[in-house]
Every structure is written in C-alpha cells, then in structure tokens.
Amino acid sequence: MSDIVYQAIAALWLSLPALSANPSAVIFGGGTPMDFGRTLGDGKRVLGDGKTWRGFIGGGAAGAFVGLIQQLIAMKIGYFPIFSQDFLQAFFMVLILGYGALLGDALGSFIKRRLGIGRGDKAFLLDQLTFLIVALFLLYIAFPSFFSRYFWNAPAMITLFVLTPLLHRIVNIIGYRMGKKEVPW
Ligand code: CTP
Ligand code: MG
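Residues numbered from 1 in each chain as written. Chains lettered and ligands numbered in written order. Predicted model: local features only at pLDDT ≥ 70, side-chain atom pairs only at ≥ 80, totals over all residues. Heavy atoms only, no water.

Asks: I'd like a description of the side chain of Ser 15, backed by residues and values.
Replies: Counting through the fold element by element, Ser 15 comes out in the loop between helix H1 (3-14) and helix H2 (16-28). Within the structure, the side chain of Ser 15 is placed 3.1 Å from the backbone oxygen of Leu 12, a separation counted as a polar contact. Non-local contacts of Ser 15, meaning those with residues more than four positions away in its chain, are made with Phe 151 and Leu 160. (Helix = DSSP H or I, 4+ residues; strand = E, 2+ residues; numbered from the N terminus. Polar contact = N/O pair within 3.5 Å; in protein donor to acceptor, adjacent residues only side chain to side chain. Contact = heavy atoms within 4.5 Å.)

Asks: So what's going on with the site of ligand 1? Which residues, and what values?
Replies: With respect to spatial proximity, 19 residues lie near ligand 1, and among them Lys 51, Thr 52, Ser 109, Lys 112 and Arg 119 are the closest. One nitrogen or oxygen atom from the side chain of Lys 51 is found 2.7 Å from an oxygen atom belonging to ligand 1. One nitrogen or oxygen atom from the side chain of Asp 105 is found 3.2 Å from an oxygen atom belonging to ligand 1. Contributing elements (two or more residues each) for the shell around ligand 1: H2, helix H3 (53-77) and helix H4 (87-114). At four residues, H4 tops the list of elements feeding residues into the shell around ligand 1. Of the residues contributing to the shell around ligand 1, the split by class is five nonpolar, eight polar and six charged. (Near = heavy atom within 4 Å. Nonpolar A, V, L, I, M, F, W, Y, C, P; charged D, E, K, R; others polar.)

Asks: Tell me about the environment of Ile 9, and please be specific about residues and values.
Replies: Checked against the element boundaries, Ile 9 lands in helix H1. In this structure Ile 9 comes out as partly exposed when scored by relative accessible area, which is 46%. Along the sequence, Ile 9 and Ser 109 sit 100 residues apart, while their C-alpha atoms lie 29 Å from each other. (Buried < 20%, exposed > 50% of the residue type's maximum accessible area, 1.4 Å probe, protein only.)

Honestly, it's all geometry; don't read function into it.
Structure follows, in structure tokens:
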C-alpha cells in the first residue's frame, strides 16, 4: 500500500471513535438538555434541546466503545494501526475522541444559537466539522506525538476534512429514513 493511501486510511480508522460518537448521540439522546433550558443574554438558548445529557454521555461512551473494539482488533490482528501499546493510554485516547466529538458538537450548537440559527436548522460545515476539529484538537493537546504521527500529514487531513462532511450527510440520511432523525441533515 502506498504511503499516501496508508496515511489516509490510518487517520480514518483512528478517528472512528469520534466519527461514531455523533450518530450514537442521536440514538441515546432525549431527556434533560445539557443547558437545562437556560438562555443567554441574547434571549437564545445556550445550546438548545438538541443537546441532551443522555446523548452526550451515551454517545461519548459509544464512541469510546468503538475505539476499544478497534484497539482489541489491532492487538489481536496486528495489521491495523493501534492507539497505543499501553491499554490504559489507549482507553484514555478513545475517551478523548468520543467525548471530544460531543463537546465539539455542543460547541457547534452554541455557535449556531449565537448566530440565531434554530435547533436542527442547517449550518454548513459547522454541523459537519466542529466535532472533528475539537476531538482532534483535544487529542493533539493530550497526545501530541500520536497526533503528529497519524494525523498531521496532508493525506490524513485532506481525507478527514473531505470525507467527514460526506459521511455525516450519508449517516444523517440513513438516520432520517430510520425515523431516528427529524431532518435528513
Ligand atoms: N443528540 C442529543 N444529545 C447530544 C447530541 C445529539 O440528544 N449531545 C440528539 C438529539 O436528539 C438531536 C439529534 O441527536 O436532535 C441530532 O443531533 P444534532 O444534529 O447534533 O442536533 P440538532 O437537533 O440538529 O441541534 P443543533 O441545531 O443544536 O445542532
Ligand atoms: Mg443537526
């Protein structure tokens, strides 16, 4: 496999915990909103009813769970890129990716509300990329050498930033058809 293709696939593989956290939040979501219904001085909700504690906690855990499965696969099969040889460190990494994604998702909603964009209304790129940016940024803060090894190269970055909005869109259309999402975006 060429280096370029390997770098692209490795980055996609290792960001799966972040990529799977968001759709999982849709499945787990409901109940108490993360902002407890509060509004800010602009009269708009802090985050809105689309960000719930159940979605956050369940979605982050689901993302981390996906990462743990990947870690086990990598440890057993050996061929796949591994988060870390140290299982505890790998656990910490997948938690950062899963919960980082949902923190970023909440940040996206925070920005949408400040811009006056309603809950569930479309915000191009903000909806699709904020979660990835925050998850990767937190990974970079906590594990800079891992980040630079697998993510800080052009094939990885281009693949992630081009494919993520596409994947996001496809998954949301599936969620909509399954009746899990009210809108197909
Ligand atoms: N969800 C949740 N808790 C979260 C994230 C998502 O409960 N922390 C659920 C909600 O039911 C939400 C759905 O997943 O409606 C889709 O998520 P998303 O598209 O991110 O939220 P929106 O409803 O579009 O709200 P916003 O405009 O704030 O992004
Ligand atoms: Mg949405």
